[in-house]
Amino acid sequence: MRREGSAGARQDRAEEPLRTEFEFELPRGFVDEAGTVHRSGAMRLATARDELLPLRDIRVRENPAYLSVVLLGRVITRLGTLPSVHDGTVENMFASDLAFLQDFYRQINAEGHTRAAVACPHCEQSFEVELAGSRLGES
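Everything in this summary refers to the structure shown in the same document. Throughout, residues of each chain are indexed from 1 in the direction in which the sequence is written. Totals for whole chains, interfaces and linings use all residues, but because this is a predicted model, local features are given only for residues with pLDDT of at least 70 and pairs of side-chain atoms are given and counted only at 80 or more. The basis for every side-chain value is the complete set of heavy atoms in the structure, and neither hydrogens nor water enter the calculation.

Remarks on the overall build of the protein
- In terms of regular secondary structure, the protein is built from 6 helices and 5 strands.
- Along its sequence from the N terminus, the protein presents helices and strands in the succession α-β-β-α-α-α-β-α-α-β-β.
- Counting over 139 residues, the protein shows a buried share of 30%.
- Between two residues, a contact is recorded if the distance between any of their heavy atoms is within 4.5 Å. Intrachain contacts of the protein at a sequence separation of at least 6 include 53% that bridge at least 24 residues. Only DSSP runs of H or I with at least four residues qualify as helices, and only runs of E with at least two residues qualify as strands; both kinds are numbered from the N terminus onward. Residue burial is assigned from relative accessible area. The probe radius is 1.4 Å, only protein chains are included, and a residue is buried under 20% of its type maximum, exposed over 50%, and partly exposed in between.

A look at the pairing of strand β2 (residues 37-44)
- Whether two strands pair comes down to DSSP finding at least two bridges between them. Inspection of the sheet shows strand β1 (residues 21-31) paired to β2 by 7 bridges, in the antiparallel sense. Of the residues in β2, the one forming a bridge with valine 31 is valine 37.
- The antiparallel hairpin formed by β1 and β2 contains 5 residues in its connecting segment, where glycine 35 sits at a positive phi of about 90°.

Things to note about the pattern of salt bridges
- Put simply, a salt bridge is a Lys or Arg side-chain nitrogen that is within 4 Å of an Asp or Glu carboxyl oxygen. Counted by the stated rule, this structure contains 6 salt bridges.
- Its salt-bridge partner being aspartate 87, residue arginine 59 comes within 2.6 Å of it at the nearest N-O pair. Here aspartate 87 lies in helix α5 (residues 87-91) and arginine 59 lies in helix α3 (residues 58-62), a separation of 28 residues in the sequence.
- Between arginine 106 and aspartate 103 there is a salt bridge, with the nearest N and O atoms lying 2.5 Å from each other. Note that arginine 106 and aspartate 103 are positioned in helix α6 (residues 95-111) at a spacing of 3 residues, about one turn of the helix.
- Here the salt bridges do not stand alone but share partners, grouping Arg44, Asp50 and Arg74 into one network.

Structural notes on helix α4 (residues 67-75)
- Here α4 lies mainly inside the structure; 7 of its 9 residues are buried.
- Taken as a whole, α4 has its buried residues at Ser68, Val69, Val70, Leu71, Leu72, Gly73 and Val75.

So, the environment of leucine 52
- Mapped onto the elements of the fold, leucine 52 is located in helix α2 (residues 48-52).
- A relative accessible area of 53% means that leucine 52 is categorised as exposed.
- Along the backbone, leucine 52 and leucine 71 are 19 residues apart, and their C-alpha atoms lie at a distance of 9.3 Å.

Here it is in structure tokens:
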């Protein structure tokens, strides 16, 4: 038995260049020391090294919940006009922005893209939506 849907999806992916960086917009935004709010940013795909090195960090050993802070500090490549982003930046974000970034990280690293398949609740028509760059609650 041949599955055309799966083969077609693989062929579509093969034609697309590999995307390694994805833009996002934080729901609230990071407020720096000068009071500037930074919302727009970019996150790259994580490597195995990105996921393994934080496990050696003493802060992660003492508190496993800190893993996501260290990991996000490694993969966020840009946030507003900040010169750099690191785990100290992430630990000073609002909880809602941290939750957003954790979900975003899972989405791009599990699927390799920020599109999600959805269906209209009224007509049941299936389509894809782009999640990157949108703010929570917007369509």
